[in-house]
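Observations on chain architecture
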Amino acid sequence: GPLWLMERESQRKQKARLVAESAGPNPVAGLCNFWVARKSRHCKMQVMKGHEYCGEHLNATTVPDGRKRVPCPLDPKHTVFEDYLEKHLLKCNSRPGPREEYYEEHANAPRAPVVEGLEKLRLSLVPIDELQALIKRVQEKAALFVKEIPRVVLDNDIVRMEIEAHDSQGGIFKHLEQQASLIGHMAAAGLLAPESCFIEFGAGKGKFLHYVACAMGDRPASYIAVDRDNSRFKFDRFHTASEGGPAFSRVKMDIEHLVLSRVPAMANARPVIACSKHLCGAATDLTLACLQHYVAAPSLEPSAKRARVDDSAPAPGPSQIADSHEAPVAPSEAGQEAEATPANDQDAAAAIASGRGGAGTSKHDVTGVLIALCCHQRCDWNKYCNQAFITDTLGFTPREFKLISLMTSWAVCGERPSDGAASAPAGDDA
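The notes below deal with the structure included here. (Residues numbered from 1 in each chain as written. Predicted model: local features only at pLDDT ≥ 70, side-chain atom pairs only at ≥ 80, totals over all residues. Heavy atoms only, no water.)

Observations concerning the packing of helix H3 (residues 128–145) against helix H12 (residues 398–407)
At a closest axis distance of 11 Å, the pairing of H3 and H12 adopts a crossing angle of 90 degrees. By the angle class used here, H3 and H12 are roughly perpendicular. Residue-level inspection shows Glu130, Leu131, Leu134, Ile135, Arg137 and Val138 of H3 in contact with H12, the latter providing Arg399, Glu400, Leu403, Ile404 and Met407. In terms of residue class, the contact of H3 with H12 is made up of 7 nonpolar, no polar and 4 charged. (Axes fitted to C-alpha atoms, helices over the stretch in contact; angles between N-to-C directions. Helix = DSSP H or I, 4+ residues; strand = E, 2+ residues; numbered from the N terminus. Parallel < 35°, antiparallel > 145°, perpendicular 65-115°, else oblique. Contact = heavy atoms within 4.5 Å. Nonpolar A, V, L, I, M, F, W, Y, C, P; charged D, E, K, R; others polar.)

Rendered as structure tokens:
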């Protein structure tokens, strides 16, 4: 069981508290006195005159003038003086901007009732007997449904050149090796095809999409990076259409609210190839739902033709499709009816796998999906895209699903029993 791990974590936190208490003030004059336990050093930010802490850590002590620091309601990662909060909200960089036409609230979330309280579950509060019984059930279901997954590491010449240039930098080397293998798998599956639209979900800086574009070379394609945060040093800067580069665009939005069929860059109607290097937890489920809705959405005519009918009408969103009594049907070029919207998760997965459009023509094609899964402990039952499989086929409850997702962190936490740490009971491979 994870008892040794819990004990080790408790010892680490206790040691960090003792170190922080004995750290004393920052030896560098003019810098913040706050002790950053995670980095085992003082904060390096400068302080205002007459203060001992920087703006982010002023709430760690009593401010001389009695002013109180509070977390910003738009982004709790930073704080602000309480009496200045009203003015701060008017210019905070985290304030919401105008909604894009491709935004629809909770567009890709399941239509099932929300289960409350799951985010408060902690493994440390669950009896060990309950966890061991749950682990046994997981192992039994895995033996029935999960086949052996071979480890296949491939390579790519373009990324290999970059690896050789950074062979002395361990962190960069690890990520480049992963990117080379993923692009190698895309090439082996025939996904590096010309006239495709490559979309990287959870793109961050867009480095993986950058290497996909490099692997494509001069073959015509378009590229879209999707991420909810605004990263610095984005790799988009290496691909500008004004300098003869490929069509490279970025969508700054949470995948949960993204209606892909409304994105202006999708107007070229190229087959979509979705990819991601690290798509944390529920983001994978939201991405699959986003692609499902894209496949099912009716194709629209070019904007010049559509303007004659309704100059302001946006593309139908997922909620409009899901709430309609009949699947939207439009005549194809051959005069026959197109395939209806997928009725359930299995049909949707089949639609994505086959790349067929739901309503309208075959313009909404998804010809391939490559996702490197990440952070299973961040999976969210209320966003999971195939809840029926978990409850009906496997027989797990939403609470058990959350516990299972939390336990997945044990396999990748990097912790191993040391000589001085408590070891797991014999015969228990939890």
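Concerning helix H7 (residues 282–296)
With 15 residues, H7 ought to run about 21 Å at 1.5 Å a step, and its terminal C-alpha atoms sit 21 Å apart, in line with that. Within H7, 14 of the 15 residues are buried, leaving the element largely enclosed by the surrounding structure. (Expected span 1.5 Å × (residues − 1). Buried < 20%, exposed > 50% of the residue type's maximum accessible area, 1.4 Å probe, protein only.)

Considering the pattern of salt bridges
One pass over the full model with this rule turns up 9 salt bridges. A salt bridge links glutamate 195 to arginine 270; its shortest N-O distance comes to 3.1 Å. In this pair, glutamate 195 sits in the loop between helix H5 (170–188) and strand S5 (196–201) while arginine 270 sits in the loop between strand S7 (247–252) and strand S8 (272–280), placing the two residues 75 residues apart along the sequence. With a relative accessible area of 40%, glutamate 195 lands in the partly exposed category. Between glutamate 256 and lysine 383 there is a salt bridge; the shortest N-O distance is 3.3 Å. Highlighted residues: glutamate 256 in the loop between S7 and S8 and lysine 383 in the loop between strand S9 (366–374) and helix H11 (387–393), separated in sequence by 127 residues. (Salt bridge = Lys/Arg side-chain N within 4 Å of Asp/Glu carboxyl O.)

As for the side chain of threonine 284
Turning to its location among the elements, threonine 284 is positioned in helix H7. Residue threonine 284 is classed as buried on the basis of its relative accessible area of 11%. A distance of 3.1 Å separates a polar atom in the side chain of threonine 284 from the backbone oxygen of leucine 279. Here threonine 284 is in contact with Leu279, Ile371 and Leu373, once residues within four sequence places are set aside. (Polar contact = N/O pair within 3.5 Å; in protein donor to acceptor, adjacent residues only side chain to side chain.)

Considerations on the packing of aromatic side chains
Inspection of the entire model under this criterion finds 6 aromatic pairs. Consider the rings of phenylalanine 145 and phenylalanine 389, whose centres lie 5.8 Å apart with planes at 85 degrees: the pair is edge-to-face. In this pair, phenylalanine 145 sits in helix H3 while phenylalanine 389 sits in helix H11, placing the two residues 244 residues apart along the sequence. Residue classification places phenylalanine 145 among the partly exposed residues on the basis of a relative accessible area of 41%. (Phe/Tyr/Trp six-rings, centres within 6.5 Å; stacked < 30°, edge-to-face > 60°.)

A closer look at the layout of surface pockets
Counted as a void, the second largest pocket has a volume near 990 Å³. Lining the second largest pocket are 21 residues, and of these Ser94, Arg95, Pro96, Arg228 and Lys252 lie nearest its centre. Considered class by class, the residues forming the lining of the second largest pocket number 7 nonpolar, 5 polar and 9 charged. (1 Å grid on protein atoms, 1.4 Å probe; cavity = no way out; pocket = protein on both sides within 12 Å on 5 of 7 lines; lining within 4 Å. Points joined across faces, edges and corners; volume = space filled by probe spheres on them.)

Brief notes about the side chain of histidine 78
With respect to the element layout, histidine 78 can be found in the loop between strand S3 (69–71) and strand S4 (79–81). Residues within four places of histidine 78 in sequence aside, it is in contact with Glu56, Val70, Pro71, Cys72, His88, Cys92 and Ser94.

Considering the state of the cysteines
Under the definition given, this model contains 0 disulfides. Cysteine 32 provides the cysteine sulfur closest to cysteine 54, a residue in no disulfide bond, and the two sulfurs are 3.8 Å apart. Cysteine cysteine 379 shares no disulfide, and the gap to the nearest cysteine sulfur, in cysteine 375, comes to 9.3 Å. (Disulfide = S-S within 2.5 Å.)

Comments concerning the nonpolar core
Counting 26 residues, the largest nonpolar core has Ile183, Met186, Leu192, Phe198, Phe208, Val212 and Tyr223 as its most contacted members. Elements with a minimum of two residues in this core: helix H4 (157–165), H5, helix H6 (207–216), strand S6 (221–227), S8 and S9. For this core, the element with the most residues is H6, which contributes 7 residues. In terms of nonpolar packing, the next biggest core, distinct from the first, is built from 24 residues, Tyr102, Tyr103, Ile255 and Tyr294 among them. (Core = buried A, V, L, I, M, F, W, Y, C linked by side-chain atoms within 4.5 Å.)

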